[in-house]
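Summary of structural features
Here is how the chains run, residue by residue.
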Amino acid sequence: MKTPFPGQTTGERFRQVAGSVLVALHLLNAATVYVVLNDGQSAPSDRDGLGAAELACLLSICLSIGAIQLCLRPSVRRALGLWWTAPAVVLGAIASVRLAALF
């Protein structure tokens, strides 16, 4: 089968695309968790700051769920391996613990 990129098979191209999407999801999720953990020195009575932290936690959890669902698809799991779920699981757990601590 001919591919538009010389020297690449369809499987290699799929692995690059799936890996790029997962790297982007993991980096965005890591940035969100960084914001959640370093939200500044807001007072406990600051409702806007707490609301923003809760929203960032929920966004991180949603990004983790999306990345895990993508990793568990059979075609992606065969191409990349199951270990790509590890960053999403760890970041989702951190965001969940932080969200639980906010309440």
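This text gives an overview of the structure that appears in the document. Not measured: the values here are computed from a predicted model. Here the residue index of a chain counts from 1 through its sequence in written order. Residue-level local features of this predicted model are given only where pLDDT is at least 70; pairs of side-chain atoms are given and counted only at 80 or more, and the full residue set underlies all totals for whole chains, interfaces and linings. To obtain the side-chain values, all non-hydrogen atoms of the structure were used and water was disregarded.

Examining helix α1 (residues 10-37)
- Over its 28 residues, α1 runs 40 Å from end to end, which matches the ideal 40 Å to within 8%, given 1.5 Å per residue.
- Burial here depends on accessible area, computed with a 1.4 Å probe over protein chains only, as a share of the maximum for the residue type. Under 20% is buried, over 50% is exposed, and the range in between is partly exposed. Numbering of helices and strands runs from the N terminus; a helix is a DSSP stretch of H or I covering at least four residues, while a strand is a stretch of E covering at least two. Inspection of α1 places Ala 18, Gly 19, Leu 22, His 26, Asn 29, Thr 32, Val 33 and Val 36 among the buried residues, and these make up the whole buried set.
- The secondary structure elements touched by the buried residues of α1 are α2 (47-71), α3 (74-80) and α4 (85-102). Here the expected span of a helix is defined as 1.5 Å times the quantity of residues minus one. What makes two residues a contact is simply this: any of their non-hydrogen atoms within 4.5 Å.

Details of the packing of α2 against α4
- To obtain an axis, a line is fitted to C-alpha atoms, over the contacting stretch when the element is a helix, and the angle between two such axes runs from 0 to 180 degrees between their N-to-C directions. In the contact formed by α2 and α4, the axes pass within 8 Å of each other and the chain directions differ by 155°. As judged from the angle between their axes, α2 and α4 are roughly antiparallel. Handedness of the α2/α4 crossing: left-handed. The segment α2 lies against α4, with Leu 50, Ala 53, Glu 54, Cys 57, Leu 58, Ser 60, Ile 61, Ser 64, Ala 67, Ile 68 and Cys 71 engaging Thr 85, Ala 88, Val 89, Leu 91, Gly 92, Ala 95, Ser 96, Arg 98, Leu 99 and Leu 102.
- Partitioned by chemical class, the residues of the contact of α2 with α4 number 14 nonpolar, 5 polar and 2 charged. Should an angle lie under 35 degrees it is considered roughly parallel, over 145 roughly antiparallel, and from 65 to 115 roughly perpendicular; all remaining angles are considered oblique. In a left-handed crossing the near helix is turned counterclockwise from the far helix by less than a right angle, and in a right-handed crossing that turn is clockwise. Here the term charged refers only to Asp, Glu, Lys and Arg, the term nonpolar to Ala, Val, Leu, Ile, Met, Phe, Trp, Tyr, Cys and Pro, and the term polar to all other amino acids, Gly among them.

Some words on the nonpolar core
- Residue types Ala, Val, Leu, Ile, Met, Phe, Trp, Tyr and Cys, when buried and joined through side-chain atoms within 4.5 Å, form a set referred to as a nonpolar core. Ala 18, Leu 22, Ala 67, Cys 71, Val 76, Leu 80, Trp 84 and Ala 88 form the largest nonpolar core, which has 8 residues in total.
- Contributions of two or more residues to this core are made by α1, α2 and α3.
- By size, the runner-up hydrophobic cluster in this structure holds 6 residues, among which are Ala 56, Cys 57, Leu 99 and Leu 102.

Quick notes on a nonpolar patch on the surface
- In this scheme, patches are assembled from residues that exceed 30% relative accessible area and form no salt bridge. Like charges are connected within 9 Å, while nonpolar side chains (Val, Leu, Ile, Met, Phe, Trp, Tyr) are connected within 5 Å. Here the Shrake-Rupley method, with its probe set to 1.4 Å, supplies the accessible areas, and only the displayed protein chains count as covering residues. Only one rule defines a salt bridge in this text: a Lys or Arg side-chain nitrogen within 4 Å of an Asp or Glu carboxyl oxygen. Among the surface-exposed residues, Leu 37, Val 90 and Ile 94 lie close enough to one another that they form a single nonpolar patch of about 240 Å² accessible area.
- Here Leu 37 lies in helix α1.
- Residue classification places Leu 37 among the partly exposed residues on the basis of a relative accessible area of 48%.

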